[in-house]
Amino acid sequence: MTTPAAAPKRAAARGRKGHGKFVAACLLPALALFALFMIWPTINVFRMSFYQWSGFSPEARFVGLDNFTKLLDDDQFIRAFQNTVALLVVVTVVTMGMGLFLAAVMTREKLRGRNLYRFVLYIPNVLSVVVIAAIFSAIYDQQNGLLNGTLRLLSADGLQQVWLGNQKIVLWSVAIAMVWQSLGYYMVLYMSSMSSIPEELYEASSLDGATGSRQFFTITLPLIWQNLRTSLTFFIMSAVNLSFVLVRAMTGGGPDGSSEVLLSYMYKQAYTNSSYGYGMAIGVVIFAFSFLVSLLVSRATKREPLQF
Amino acid sequence: MTKIKPLAYALIVALALLIAVPVAWVLVASLKTKGEFFGSPWTLPEGLHLRNYVDAFVTAHMGQYFATSLFVTLLGLAFVLAVSIPAAYVIARYDFWGKSVVEVALLAGLFVNVNYIVVPIFLMLVGWDRSLADVFPDGFFIDNPAMLSLIYAATSIPFTIYLLTAYFRSIPADYEEAASLDGASRWTVMTRVMVPMARPAVTTVILFNFLAYWNDFIIALTLLPGEGKTLQVGLLNLMTAQKAAADYGRLYAGMVIVIVPVLLVYALIQRRLIEGMAAGGVKG
């Protein structure tokens, strides 16, 4: 058995003739597509943010940082930003916390029907966001929805709400749908990292009299810490995106912009308003914001890696 | 954890119900007549009102959209595998000029969500259509399902290569050496020895990309604005129409049409999907 590091050298040493051509033939199609449809558009987001452009007229006017200064005075943008941050914080804390707890319980306690629960809890992750939005529209529907209908059945009419039509509630309704969608995925992800922790560690600490919750904090959590960090970074990136697709399909940002998030506002500026330059300035903010948050999270959670 | 065990158990059961009940409810509701939607949502339909499905498939064109989605998804998978497998293999096994740049760029690509860059992609395609207006007066790039497949494939290249490269690296080089000693060409070594050995990783990649392509609606909404929609966009239109007309039956039937293929695939391959997640772990 060779080590992975030694393998490429040996394979590369297999003969130089034609090596370059073979590598190029294998690599270039993928790189060309990647450059054309990912790198170039990404550069364009940044470039276009300095222009005022309606998209269809040929002339784009260079305006420097004007788009960005305008953003600072745009109340709708600020609200979209606040909503995005609020959703990120709430959904991340709830999903991560519950996901870890459920994964620990599912792995440590031998629950009956464990595989069935795992199967069911993972279902939302394979459903499309449009389907999830439609399901939640059915749940939240004012007259015939599952939620209000059930409340009426329980004669708790006073608790009925216009779940997607009330400016104060709509963001929470979106947050619940986001947790519903992502909880199972993170539970299964943590279950798979927890299941690789050797059983002996728990047995030894049980002999020392450690309780389940103590074991969770002294054994489980430190040992899956690296996986947790990685998943947290990706969770934040995907939550920024999920909030957008869900809002786009479920509320359209309404009522009156109260559930607008950064990406949906960008999309709205670009397509509905045809202010492509302005939209792309929002895009730059989104890039910078996701990058900074990931960096901060990664710094804040840095620990010495532990081995078992 | 013995003390909290009953509590935790109750929580898990409750969460499972919170997921299973709405999904099951949609299946049941898709069989209701229009009148049965009013009143309590928990009443069961009196008969199997299959009319909703006919409405969804034919009147709302969901059958046609289904075909478009299937075409776009399969073609996208073909594209992404055709370009990513050789690239991942070469990155895993060969040294070449600029390799570290390529690797860093692809890694950075993992962090760029398609939805961040959909506007420039759309404008680029519009620009291409405009400059080709003499050859294709009706446009070629926008409203072209094959183009949508290509965009799906291109934007999932970083994830696909990341996962495949990791797997190729874990395969010992001995197999390739034996094959090339037997006189196999580089191409034969790759296609006949390495790709079959990497089948688990290829399956994982197909699964995740299938879900991503099949479930996307933002890109499809942007790049196929005309009549030829995908299933997700069709469903979105049904949602909008239902809000105006309170025509629930057709919407729920449409949802079932979208959900059932995915649930079937999931039920068949859930073990592999969950194993693949442990390996890839990055797809949100």
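Residues numbered from 1 in each chain as written. Chains lettered and ligands numbered in written order. Predicted model: local features only at pLDDT ≥ 70, side-chain atom pairs only at ≥ 80, totals over all residues. Heavy atoms only, no water.

Draft legend 1. How the structure looks around the environment of F244 of chain A. Relative to the elements of secondary structure, F244 of chain A occurs in helix α11 (residues 225–250). Taking the relative accessible area as the measure of exposure, F244 of chain A reaches 1% and is therefore buried. Between the C-alpha atoms of F244 of chain A and Q181 of chain A, which are 63 residues apart in sequence, the distance is 14 Å. Dropping the residues within four chain positions of it, F244 of chain A is found in contact with V261, L263, S264 and Y267 of chain A together with N115 and I218 of chain B. (Helix = DSSP H or I, 4+ residues; strand = E, 2+ residues; numbered from the N terminus. Buried < 20%, exposed > 50% of the residue type's maximum accessible area, 1.4 Å probe, protein only. Contact = heavy atoms within 4.5 Å.)

Draft legend 2. Geometry of the interface of chain B and chain A. With 106 residues of chain B at the interface, the matching set in chain A holds 103 residues. At the surface where chain B touches chain A, the tally comes to 0 salt bridges. The interface formed by chain B and chain A contains 8 residue pairs in polar contact (both at pLDDT 80 or more). Take the side of chain B that touches chain A: its biggest share by element is 15 residues, from helix α1 (residues 5–29) of chain B. Its residues assigned to classes, the side of chain B that touches chain A comprises 80 nonpolar, 15 polar and 11 charged. (Salt bridge = Lys/Arg side-chain N within 4 Å of Asp/Glu carboxyl O. Polar contact = N/O pair within 3.5 Å; in protein donor to acceptor, adjacent residues only side chain to side chain. Nonpolar A, V, L, I, M, F, W, Y, C, P; charged D, E, K, R; others polar.)

Draft legend 3. Structural view of the pattern of salt bridges. All names here are of chain A. Tallied over the full model, the rule gives 6 salt bridges over all chains. Here R108 makes a salt bridge to E199, at a shortest N to O gap of 3.4 Å. Of this pair, R108 sits in helix α4 (residues 75–108) while E199 is found in helix α9 (residues 199–207), placing the two residues 91 residues apart along the sequence. Classification of R108 as partly exposed rests on a relative accessible area of 24%. Residue E199 is classed as partly exposed on the basis of its relative accessible area, which comes to 37%.

Draft legend 4. Fine view of the environment of L273 of chain B. Residue and element names in this part refer to chain B. With respect to the helices and strands, the residue L273 is situated in helix α13 (residues 248–280). A relative accessible area of 1% places L273 in the buried class. Considered as a pair, L273 and G249 are 24 residues apart in the sequence and their alpha carbons are 32 Å apart.

Draft legend 5. The arrangement of the packing of aromatic side chains in detail. Residue and element names in this part refer to chain A. Per the stated rule, a full pass over the model turns up 36 aromatic pairs over all chains. Considering the side-chain rings of F136 and Y140, the 5.5 Å spacing of their centres and the 45° angle between planes classify their relative orientation as tilted. Of this pair, F136 and Y140 both sit in helix α6 (residues 129–140), separated by 4 residues, roughly a single helical turn. Considered together, F136 and Y140 belong to a single accessibility category, that of buried residues. (Phe/Tyr/Trp six-rings, centres within 6.5 Å; stacked < 30°, edge-to-face > 60°.)

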